[in-house]
Amino acid sequence: MTLIKYITALIVGLLTLASCSNEKSLQRYLVDKQEDNRYLKIDLATSLLQSDQSNFTEDEQEILNSVKKVNVVAYPVKSGNLEEYKTEKDAVKEIIGQEKYKTLSSMKSNGMNVTLKYLGEEDAIDEVIVFASSEEKGFGVFRLLCDDMKPDQILSLIHISEPTRRTP
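Here we summarise the structure given alongside this text. All residue numbers refer to position in the chain's written sequence, counted from 1. The predicted nature of this model means local features are confined to residues of pLDDT at least 70 and side-chain atom pairs, given and counted, to a pLDDT of 80 or more, with totals for whole chains, interfaces and linings taken over all residues. Here the side-chain values reflect all heavy atoms present in the structure, with hydrogen atoms and water set aside.

**Looking at helix H3 (residues 58–66)**
And step 1. Of all the positions in H3, only Glu-60, Ile-63, Leu-64 and Ser-66 are classed as buried. Down the axis, H3 shows its buried residues gathered within 160° of arc, on one side only. Burial classification: accessible surface area is computed with a 1.4 Å probe over protein chains only, and a residue below 20% of its type maximum counts as buried, one above 50% as exposed, and the rest as partly exposed. The helix and strand labels rest on DSSP assignments: H or I over at least four residues marks a helix, E over at least two residues marks a strand, and numbering proceeds from the N terminus. Summarising the geometry, the arc corresponds to the directions from the helix axis toward the C-beta atoms.

Have a look at this one:
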């Protein structure tokens, strides 16, 4: 009986060690920056965006229901922190450059670089990442945790969030 306990403890220990990974993750990066005052941070549960008085269509409501949480971390460029900015930006680019993050699109406009990536399957996205950077303004990481979102719903979500979309 004691032998079974030791074997079980050994197996649990090995599984614990095997499940730990040194691979950098966006989630770990965002958690690490929560207490860093150089960053602007926002975490939202999508339940805050929804109410009985909202005037979303059924399709829009379905899209919002597929988004579980929104994390935003921004690093503004200030005088004297350009090297620090570049180091932090490169760290994020390295993380989202991993093979597991698939690119939906990239664009450049007016000195701003924007990359849209995702985790999951093409027809069932679990996480959407928007990385925007500008040497003048800084960078921002927008992370949407989703439940099987479809790619076309991402574009609809952008449309839903447009400020001119809603009228009182």
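**A few points about the packing of aromatic side chains**
One pair of aromatic rings is described through two measures. These are the centre distance and the angle between the planes.
And step 1. Under the pairing criterion, centres of Phe, Tyr and Trp rings, with the six-membered ring standing for Trp, must be within 6.5 Å; the plane angle then separates stacked pairs below 30 degrees from edge-to-face pairs above 60, leaving the rest tilted. Within this structure, the stated rule accounts for seven aromatic pairs.
And step 2. Residues Phe-131 and Phe-139 carry aromatic rings whose centres are separated by 5.8 Å and whose planes lie at 50° to one another, so their mutual orientation is tilted.
And step 3. A relative accessible area of 3% means that Phe-131 is categorised as buried.
And step 4. Taken together through their ring pairs, the aromatic side chains of Tyr-29, Tyr-39, Tyr-75, Tyr-85, Phe-131 and Phe-139 make up a single cluster.

**A closer look at the nonpolar core**
And step 1. What makes a nonpolar core is a set of buried Ala, Val, Leu, Ile, Met, Phe, Trp, Tyr and Cys residues whose side-chain atoms join them at distances within 4.5 Å. In this structure, Leu-26, Tyr-29, Phe-139 and Val-141 are the most contacted members of the largest nonpolar core, which totals 16 residues.
And step 2. Secondary-structure elements contributing two or more residues to this core are helix H2 (26–32), strand S2 (67–76), helix H4 (82–96), strand S5 (124–134) and strand S6 (138–149).
And step 3. Among the elements that take part in this core, H4 stands out by supplying four residues, more than any other.
And step 4. Any two residues whose heavy atoms approach within 4.5 Å at even a single point are treated as in contact. Leave out the neighbours within four places in its chain, and Phe-139 touches Tyr-29, Tyr-39, Val-73, Ala-74, Tyr-75, Tyr-85, Glu-88, Lys-89, Val-92, Phe-131, Ala-132 and Ser-133.
And step 5. Residues Val-70, Val-72, Leu-116 and Leu-144 belong to the second largest nonpolar core, which totals 11 residues.

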